[in-house]
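The primary structure of each chain is shown beneath.
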Amino acid sequence: MPRIHVLPDILASQVAAGEVVERPASVVKELMENSLDAGAREVLVEIERGGTALIRITDDGCGMDRDDALLSLERHATSKLRNSSDLHNISTLGFRGEALPSIASVSRFRLITRERDALDGTEIQVHGGKIIDVRVAGSAPGTSIEIKQLFYNIPARRKFLKAESTEASHVEHEVRLHALAAPTVRFRFRRDGNDALELPAVTRKSDRLRHLLGVESAGDLIEMPLHHGNGFSVEGFLLPATHARKGRKHQCVFLNGRPIEDVAVARGLSEGFKGGLMEGLHPAAWLWIEMEPQLVDVNVHPAKREVRFHRSNELREGIAVAVAHGLQQQQRRANTPPPTDVPARTGQVRSFVPSNLTPSEQTATPTLKIPAWIPQATQQEISLPQETLAEKPQPQSARGAAAFRWIGLLHQRFGILESHDGLVLLDPRAARERIVYERILQAQQQGIVSQGLLVPLLIELDPREMDVVLRNQESFATAGLELGDFGGGTLQVRSLPAFLYLTDPLAFVHEVVDDLIAGGAGGARLAYDKLARCLAKRAGLQEKISANTAMVLLEELFTCDLPYCAADGRPTLSEFSLRELDRRFGNR
Ligand code: ADP
Ligand code: MG
């Protein structure tokens, strides 16, 4: 075996660069962090050819004197940590003292820096980790770092870079992230000589976010009110569930000002939507978490993107509550009719409320704007602070259905409705599924009205199916289905929930049993929620829409806590706004 030896510094830096410097975006991230740590009020990021040809970051921060500038290029040289107790109390973005030497070891690197009150500045050039020139330079106060030909001396890494446009978009993502982390700092981003982003310094995060989002999405932003937990606080913004995406690129999370990625946080965000998201989709969210530094370890990842929370469950729950709270407030706002709208629209909308509703239902607040497409979390699912329980949502009759005008049926399958903003399609199956799901969940607390069958149904089941059903007999009974063993492999169904109007009850029960077995309900008893979903799904599939019943279905849907989605997050109503329609027809 070869003898052990200590790595020469440059080689060690190149090894460290393997972790810290993955691509141009990681260089930009490290340098922007340094600028922010240096107290910059302005940061300019310039790249050429996706950062492969040039990266230049210029700031107006504190700058460095000649000695510090030289020292900053040494491995483990940092002004931000002195002893190990500092490590538990980190308030700067950097602290490892690795970035500059790592970056300089894999590029042609130039640093120009000047302290504010110094007469002149310092310029240092480094090629592949070797200092080749140090000189006095005239420069503006602050620091400018230029990286040319990243990975020029490590062809293997250079080969791993993606298309220049891909690398550029990763860089832009980093710039946006840090711009959100530090709204009071002016950020500019120039790409191949063109201005790509120009973000003036603002005092509020929301203004920075609106700048970045553009007018269209910014109008949909939902504010999450500040929520205090044990040793932490969270606040931020969300977009409605319709903006949810497959990836998590639209989730920006800042912990004490540092962009991070964390599964507990992501889970909390999704949980706050409480079944309002389609499966596999993640909500768009911007979250600022302030946490006592002792409650989190930020030194677990070379690029410091991942952190370790000591009480991640509390944080997750806190975030879920904050999200639910934000959605709830928004829902309430959306349900309050805009005062100027009322007289003009009342008559028209009311005349389309079906005549089979009671008079009080017919006249109940008929002029609602379509609420934003936002699911509302319910109080029994998440405990909210007392004062929010007091200001409960408006009575059910004041909610949505009356804001729609019935137009007709589409292929006996979808309902066509007119809304304040355009055209809305109703999926009756998804709607029924939502209604049944919530009724069955409620049954667990409040009981259920079940309807005894005059002639009990008899269903032949094989032994495995029978076993699954009998093991869950109690849950079925809670949900309003009384079932029993009739002997000889026959199941007897004695009652069904009264609110379930099934066209084929026999098929319904059989399909539910099939689903439960296919869903792996073999062993232990089923979670009640799973049973509820399954019953809801099958009831939904039997739903037939007709012009006579559609508005009743809609009314019923709007008595639900989350009327806009089925139990699995599929939408129940889908809107095509006038603006969107105009765009399709080319009317601007
Ligand atoms: P770290 O940020 O972990 O301390 P770096 O290698 O990124 O390590 O930077 C080393 C040191 O160089 C920093 O601690 C800081 O003192 C100094 N430095 C780096 N960039 C700047 C800058 N833009 N302005 C002022 N000082 C800087
Ligand atoms: Mg740093």
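Residues numbered from 1 in each chain as written. Chains lettered and ligands numbered in written order. Predicted model: local features only at pLDDT ≥ 70, side-chain atom pairs only at ≥ 80, totals over all residues. Heavy atoms only, no water.

Visitor: Looking at this model, I keep getting lost on the pattern of salt bridges. Mind explaining?
Guide: Once the charged atoms of two side chains with opposite charge are near each other, the side chains can pair. One pass over the structure, following the stated rule, counts 30 salt bridges. Between Arg49 and Glu164 there is a salt bridge, and its shortest N-O distance comes to 2.9 Å. Here the residue Arg49 occupies a position in the loop between β1 (42–48) and β2 (54–59), and Glu164 occupies one in helix α6 (residues 164–181), the gap between them amounting to 115 residues. Among the charged side chains, a salt-bridge network with shared partners connects Glu46, Arg56, Arg110, Glu123, Glu146 and Lys148. (Salt bridge = Lys/Arg side-chain N within 4 Å of Asp/Glu carboxyl O. Helix = DSSP H or I, 4+ residues; strand = E, 2+ residues; numbered from the N terminus.)

Visitor: Would you mind going over unusual backbone geometry with me for this structure?
Guide: As a rule of thumb, non-glycine residues mostly have phi less than zero, and peptide bonds are mostly trans rather than cis. Despite not being glycine, Gln149 has its phi angle at roughly 50 degrees, a positive value. With respect to the secondary-structure elements, Gln149 resides in the loop between β6 (142–148) and α5 (155–160). Since its relative accessible area comes to 35%, Gln149 is described here as partly exposed. The phi torsion at Phe151 lies on the positive side, around 65 degrees, for a residue other than glycine. In this fold, Phe151 is placed in the loop between β6 and α5. (Buried < 20%, exposed > 50% of the residue type's maximum accessible area, 1.4 Å probe, protein only.)

Visitor: Looking at this model, I keep getting lost on the pairing of strand β16 (residues 405–410). Mind explaining?
Guide: Moving residue by residue along a regular strand, the side chains alternate between the two faces of the sheet. As paired elements, β16 and strand β17 (residues 414–418) share 5 bridges and run antiparallel to each other. Bridge pairing in β17 links Gly408 to Ile416. Between β16 and β17, which pair antiparallel and follow one another directly, the connecting turn spans 3 residues, one of which, His411, has a positive phi of 50 degrees. (Pairing = 2+ DSSP bridges.)

Visitor: Help me out: how do you make sense of the sheet that holds β2 in this one?
Guide: Remark on secondary structure: sheet strands pair via backbone hydrogen bonds, oriented parallel or antiparallel. Taken together, the 8 strands give an open sheet; going across it, the order is β5-β4-β3-β6-β2-β1-β7-β8, and neighbouring strands pair in mixed fashion. The strands lining the two open edges of the sheet, one partner per strand, are β5 (130–137) and β8 (194–199). Averaged over all adjacent pairs, the angle separating strand axes in this sheet is 10 degrees, with direction ignored. As paired strands, β1 and β2 are joined by 6 bridges and run antiparallel to one another. Bridging across to β2, Val43 finds its partner in Asp59. Most of the contacts of helix α2 (residues 24–37) go to β2, to which it runs at about 10 degrees, and overall it touches β1, β2, β6 and β7 (186–191). Strands in contact with α6 are β1, β7 and β8; relative to β7, the strand with the most contacts, it is inclined by about 175 degrees. (Axes fitted to C-alpha atoms, helices over the stretch in contact; angles between N-to-C directions. Contact = heavy atoms within 4.5 Å.)

Visitor: Is there a simple way to explain the sheet that holds β17 in this structure?
Guide: Strand order across the open sheet formed by 4 strands is β16-β17-β18-β22, with antiparallel pairing between neighbours. Lying at the two open borders of the sheet, with one neighbouring strand each, are β16 and β22 (573–577). Recorded for the sheet is a direction-independent mean angle of 25 degrees between the axes of neighbouring strands. In the packing of helix α18 (residues 550–557) onto the sheet, the strands contacted are β16, β17, β18 (422–426) and β22, and the crossing angle to β18 comes to about 90 degrees.

Visitor: Explain α2 to me, please; I cannot follow it from the model alone.
Guide: An α-helix turns once per 3.6 residues; consequently, residues spaced three or four apart project the same way. Taking 1.5 Å as the rise per residue, α2 with 14 residues should run 20 Å; its terminal C-alpha atoms sit 20 Å apart, in good agreement. Judged by how many residues are buried, α2 sits mostly within the fold: 12 of 14 residues are covered. Turning to α2, its buried residues number three or more, namely Pro24, Ala25, Ser26, Val27, Val28, Lys29, Glu30, Leu31, Met32, Glu33, Ser35 and Leu36. The positive-phi residue at the C-terminal boundary of α2 is Gly39, with phi of around 80 degrees. (Expected span 1.5 Å × (residues − 1).)

Visitor: Would you explain the nonpolar core in this entry?
Guide: For soluble globular proteins, the rule of thumb is that nonpolar side chains tend to be buried together. Core analysis: the largest hydrophobic core is formed by 56 residues, its most contacted members being Val43, Phe109, Ile147, Val175, Phe187 and Trp286. Looking at which domains feed residues into this core, each of domain 1 (9–201) and domain 2 (207–334) supplies at least three. The contacts of Phe109, once residues within four sequence positions are left out, are Leu73, Leu100, Ile103, Ala104, Ile124, Gln125, Val126, His127, Ile145, Glu146 and Ile147. Listed in part, the 35 residues of the second largest apolar core include Leu496, Phe499, Phe508 and Ala532. (Core = buried A, V, L, I, M, F, W, Y, C linked by side-chain atoms within 4.5 Å. Domains from an automatic or database assignment.)

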